[in-house]
Amino acid sequence: MRSLELLSRTSARFVLVASSVALAGFAAISVAGCPDPAGAFEEFGERYDEANPSTTTTSTGPGTCPLPEAGAADGQYLFSLSSNLSPGTPFTLLATMTSTASGDGLSVDLVMQPLAKTDRKTPTGSALPAFTGLAVAADGSFEWDLGEVTFPGTANPISDSEVVATVQLQGSLCDSEPAASGSHAGFICGTATGLVTKPLTDFDLKGSNFTMQLVEGGVIPDALINCNKGAADPL
Amino acid sequence: MHTHSAKPLRTLIASSACLSALLVSASASATGFSTARFGGEHGHPTTNNPSAIYYNPAGLAVDTPGESDEGFRFKLMVDGTFALRAASWTHAASPNDSPEPADAVGANTGEASLFNFAGAPMVGAVALIDDLSIGAGFYVPFGGASAWKKNDAFANSRYPGPVDGVQRWHTIDGNLRSMYLSLGAAYDIMDRVSIGASFNLVMSQVQTVRARNVLGTNPVEQEGRSLIDVSGMNASFGAGIIGEVVEDKLWLGFSYQAPPGFGQQRLNGTLQNNYAGSPTTDAVDLLQTLPAVYRVGVRARPIPEVELRAFGDVTDWSTFKNQCVVPEGLDCEVNADGSFAGSGDPPYLNLVRDWGTGFAVRLGASYFASDVVEVYAGAGYDSNVVPDTTLEPALTDFHDVSASLGGRFRIADEFAFSATYTHIFYFSRDTTGESVLSTLSQPSKSPDSGGEYTQTIGVLNAYVELMF
């Protein structure tokens with residue numbers, strides 16, 4: 001019986017002290033901040049969406065234009081893919097383009113070789129599988145689905161990771177953009193969309209851009225990142 | 001788009017997160033983010049209350065002068081440590097900072113501050129049968145939490161990032177903790193020497209959000225967010241010895257706590273990024289190595305009314321080289337310059353720490369005014385373990401001194417309670433121009449973290465003991 005009384009008495013005291021400590025703690029909580037990392041992450045997303053209500057495009061999109069003759073735009077191009085992740089540091093590839101007439105438009109084949117991120121000139125890794133039969137409409141516009149492509153880590157200017165992504169290009173191939181040498185279609189540009197699956201999972205490329213600059217005299221030009229001909233960040 | 005209907009739910013969730021901060025210490029540190037202050041001035045390597053299960057398991061079997069040391073006895077201790085922390089970081093523009101846009105001047109420079117509450121519980125119990133004792137406990141000896149104030153100057157900015165504060169490239173909100181569930185045993189040999197050991201099950205968690213750019217720089221126009229949420233379970237052990245050098249008058253103690261996992265921890269979870277408005281989630285591991293802790297102490301009762309204590313610890317934070325976020329299952333291979341050293345998939349992020357070994361010393365004294373009332377005071381010094389080169393707002397450390405005042409009140413043979421207030425005074429640091437984080441290569445590169453750091457913390461520890 002004495003034990004029960006003792007237990008009862010000590011329990012009451014314990015509850016009294018514990019309640020006081022807890023009250024002090026909760027009072028302090030009410031006046032001081034506390035961490036909510038997930039909430040802060042979510043709030044940023046909402047603020048971003050409010051600040052960017054539609055797809056961000058950092059360049060003036062291509063319009064329609066006169067189509068070059070079949071073969072007139074053939075040649076080597078510096079292909080720059082400027083992702084929305086880091087627009088100033090594009091993925092670069094050396095693209096060899098050949099075109100043939102196809103109905104009112106053209107049919108284009110592309111062979112693309114990734115270039116090293118260190119100088120944007122030296123081939124690295126294996127060439128991408130050839131893209132054939134890419135259609136260009138009579139007004140010069142095109143939408144090319146390159147499917148899933150893999151870039152080696154040595155061509156990744158953002159990190160050292162291999163990149164796997166689906167890529168679609170929307171642009172125009174214009175006779176009105178002659179190169180300095182007089183070649184047709186010296187500058188091709190447009191927007192890029194798709195989904196990165198590695199190293200980030202399901203990263204949306206919306207808002208990305210691409211350019212193709214004709215390689216003349218064997219000299220690979222400095223990379224441009226969008227239709228406004230913005231320059232890539234220096235290496 | 002913004003949905004107002006989500007606000008009440010978020011408030012509820014945030015409140016829950018706030019309450020969960022009660023499991024987080026507030027960098028009321030010994031060194032690094034060691035935060036063991038449970039037991040107040042009675043938490044030390046010669047103690048014989050249930051907090052001994054961490055400070056020195058041998059103490060589980062140490063007798064209290066004047067009390068029975070035979071038959072069955074039981075001790076229960078319920079402890080709460082509550083801290084209020086104020087801190088600031090003032091960053092001046094660094095040559096390696098990205099230029100601020102004309103309409104966002106002050107987004108990356110100026111002062112950031114926080115004022116946070118945090119708490120950590122400890123519960124311990126010991127059953128003694130003659131010279132043998134068995135103990136169990138739950139406590140949080142490593143931890144830190146921070147929630148930085150908003151930068152209201154950017155509340156209506158067209159840039160979504162700067163409102164989270166100047167420090168956001170290093171931390172916005174974060175929790176980091178290692179919670180221990182321990183089972184220990186000790187034996188009192190001839191009433192003069194106690195030896196003890198404990199087995200710990202350690203659950204570690206890291207959840208933190210920071211501003212991030214894929215290049216490790218800090219451009220306001222291309223600002224994203226990274227949220228890491230990982231956890232893991234490890235084992236560790238503690239062991240110690242206490243000698244009663246002079247009967248009922250002088251005790252010496254030494255203990256060792258092994259690091260969780262006995263080395264590198266692999267915490268598993270997710271990394272969420274929001275770059276360019278496209279949220280992604282990837283499975284990742286966070287690799288880190290927490291320290292071993294060595295403790296030594298002496299406790300003396302020259303006269304029955306007075307107890308003197310001197311104790312300290314050496315915490316081997318030199319193992320805390322980095323915190324590396326890698327694709328799930330991979331290792332962290334980086335060169336000295338921070339660049340990727342492997343051939344497969346590189347880390348998502350490698351936070352270079354390069355901390356050093358730290359130590360803490362503390363002196364304390366108790367006066368037993370009666371059988372009921374004990375008053376005590378203490379003072380201590382903790383060394384800094386974070387070099388100027390890698391100090392950043394997410395995990396800070398300083399040289400500090402602290403002073404404590406408290407009392408223990410044994411209002412019945414079976415019941416006592418104690419309260420201790422400790423104020424920790426931190427010596428401010430100015431690391432402007434010293435940070436190397438922005439000079440490292442990817443994936444180790446982060447924005448410059450140089451600046452002036454200040455901090456002050458007040459800690460209230462309270463516990464109740466039940467003894468029979």
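Computed from a predicted structure; not experimentally measured. (Residues numbered from 1 in each chain as written. Chains lettered and ligands numbered in written order. Predicted model: local features only at pLDDT ≥ 70, side-chain atom pairs only at ≥ 80, totals over all residues. Heavy atoms only, no water.)

**Q** Summarise the overall build of chain B; cite the residues concerned and give the values.
**A** Counting secondary structure elements, chain B contains two helices and 19 strands. Against the compact-globule benchmark of 23 Å for 468 residues, chain B has a radius of gyration of 24 Å, which places it among compact chains. Dimensions along the principal axes, computed over C-alpha positions, put chain B at roughly 75 × 45 × 45 Å. In chain B, which comprises 468 residues, the proportion classed as buried is 60%. Taking all contacts inside chain B whose residues are at least 6 apart in sequence as the whole, residues at least 24 apart take part in 74%. Accessible area for chain B stands at about 16800 Å²; split by element, carbon and sulfur atoms hold 63% of it. Taking the average place of the 28 positive charges on the side chains of chain B and the average place of its 49 negative ones, the gap between the two points comes to 4 Å. (Helix = DSSP H or I, 4+ residues; strand = E, 2+ residues; numbered from the N terminus. Rg over C-alpha atoms; globule rule 2.2 N^0.38 Å. Buried < 20%, exposed > 50% of the residue type's maximum accessible area, 1.4 Å probe, protein only. Contact = heavy atoms within 4.5 Å. Areas by Shrake-Rupley, 256 points an atom, 1.4 Å probe, with all protein chains shown as cover. Lys, Arg positive; Asp, Glu negative; His and termini not counted. Charge placed at Lys NZ, Arg CZ, Asp CG, Glu CD.)

**Q** Give me the pairing of strand S9 (residues 208-214) of chain A: which residues, what numbers.
**A** Residue and element names in this part refer to chain A. Among the seven residues that make up S9, seven are buried, leaving the element largely enclosed by the rest of the structure. Alternating positions in S9 separate into two faces, Ser 208, Phe 210, Met 212 and Leu 214 on one and Asn 209, Thr 211 and Gln 213 on the other, with burial throughout. Where strand S1 (residues 75-82) lies against S9, six bridges are found, and the strand directions are antiparallel. Bridge assignment links Phe 79 to a residue of S9, and that residue is Met 212. Sheet topology note: the strand S7 (residues 187-198)/S9 ladder contains six bridges and is antiparallel. The partner of Thr 191 across the bridge, within S9, is Asn 209. (Pairing = 2+ DSSP bridges.)

**Q** Explain the packing of aromatic side chains to me, and be specific about the residues and the numbers.
**A** Residues and elements named next belong to chain B. Considering all chains together, one arrives at 30 aromatic pairs over all chains under this definition. With 6.3 Å between their ring centres and 75 degrees between their planes, Phe 33 and Phe 142 make a pair best called edge-to-face. Here Phe 142 lies in strand S3 (residues 132-147) and Phe 33 lies in the loop between helix H1 (6-20) and helix H2 (52-55), a separation of 109 residues in the sequence. In this pair, the class of Phe 33 matches that of Phe 142, namely buried. Taken together through their ring pairs, the aromatic side chains of Phe 33, Phe 38, Tyr 54, Tyr 55, Tyr 139, Phe 142, Tyr 180, Trp 317, Phe 320 and Trp 355 make up a single cluster. The ring of Trp 251 has Arg 299 sitting right over it, with the charged end atom 4.1 Å from the ring centre. (Phe/Tyr/Trp six-rings, centres within 6.5 Å; stacked < 30°, edge-to-face > 60°. Lys NZ or Arg CZ within 6 Å of the ring centre and 35° of its normal.)

**Q** Tell me about the state of the cysteines, and please be specific about residues and values.
**A** One way to say it: the disulfide is the covalent bond shared by the sulfur atoms of two cysteines. Per the counting criterion, the structure on display carries two disulfides over all chains. Between the sulfur atoms of A:Cys189 and its disulfide partner A:Cys227 the distance amounts to 2.2 Å. Disulfide A:Cys189-A:Cys227: the torsion about the S-S bond is 115 degrees, which places it as right-handed. With A:Cys189 in strand S7 and A:Cys227 in the segment after S9, the pair connects residues that are 38 residues apart, well separated along the chain. The same class applies to A:Cys189 as to A:Cys227, namely buried. In this model, B:Cys324 is linked to B:Cys332 through a disulfide, with the two sulfur atoms separated by 2.1 Å. Torsion about the S-S bond of the B:Cys324 and B:Cys332 cystine: about 80 degrees, corresponding to right-handed handedness. Its relative accessible area of 0% is what places B:Cys324 among the buried residues. (Disulfide = S-S within 2.5 Å.)

**Q** Give me the lowdown on unusual backbone geometry, citing residues and values where you can.
**A** Backbone torsion omega between A:Lys198 and A:Pro199 reads 5 degrees, so that peptide bond is classified as cis. Relative to the helices and strands, A:Pro199 is located in the loop between S7 and strand S8 (203-204). Backbone torsion omega between B:Gln442 and B:Pro443 reads 10 degrees, so that peptide bond is classified as cis. Not every positive phi belongs to a glycine, and B:Phe262 is a case in point at roughly 55 degrees. The residue B:Phe262 is located in the loop between strand S7 (250-257) and strand S8 (264-275) in this model.

**Q** How would you explain the pattern of salt bridges if you had to name every residue and give the values?
**A** Applying the stated criterion across every chain yields a total of 22 salt bridges over all chains. Close ionic contact of B:Asp164 with B:Lys150 constitutes a salt bridge, the shortest N to O distance being 2.5 Å. One end of the pair, B:Asp164, is in the loop between S3 and strand S4 (173-189); the other, B:Lys150, is in the loop between S3 and S4, with 14 residues separating them in the sequence. Relative accessible area serves as the criterion here: at 1%, B:Asp164 is assigned to the buried category. The class of B:Lys150 is partly exposed, set by a relative accessible area of 39%. Via salt bridges that share partners, A:Glu43, A:Arg47, B:Lys150, B:Asp164, B:Arg168, B:Glu223 and B:Arg225 belong to a single interconnected network. (Salt bridge = Lys/Arg side-chain N within 4 Å of Asp/Glu carboxyl O.)

**Q** Explain the nonpolar core to me, using residue names and the numbers behind them.
**A** All names here are of chain B. Ranked by internal contacts, the top residues of the largest apolar core, which has 52 residues, are Phe 33, Tyr 54, Phe 142, Ile 228, Trp 317 and Trp 355. The leading source of residues in this core is strand S2 (residues 110-129), at five residues. Excluding residues that lie within four positions of it along the chain, Phe 33 makes contacts with Pro 141, Phe 142, Gly 143, Leu 176, Leu 290, Trp 317, Phe 320, Trp 355 and Leu 395. (Core = buried A, V, L, I, M, F, W, Y, C linked by side-chain atoms within 4.5 Å.)

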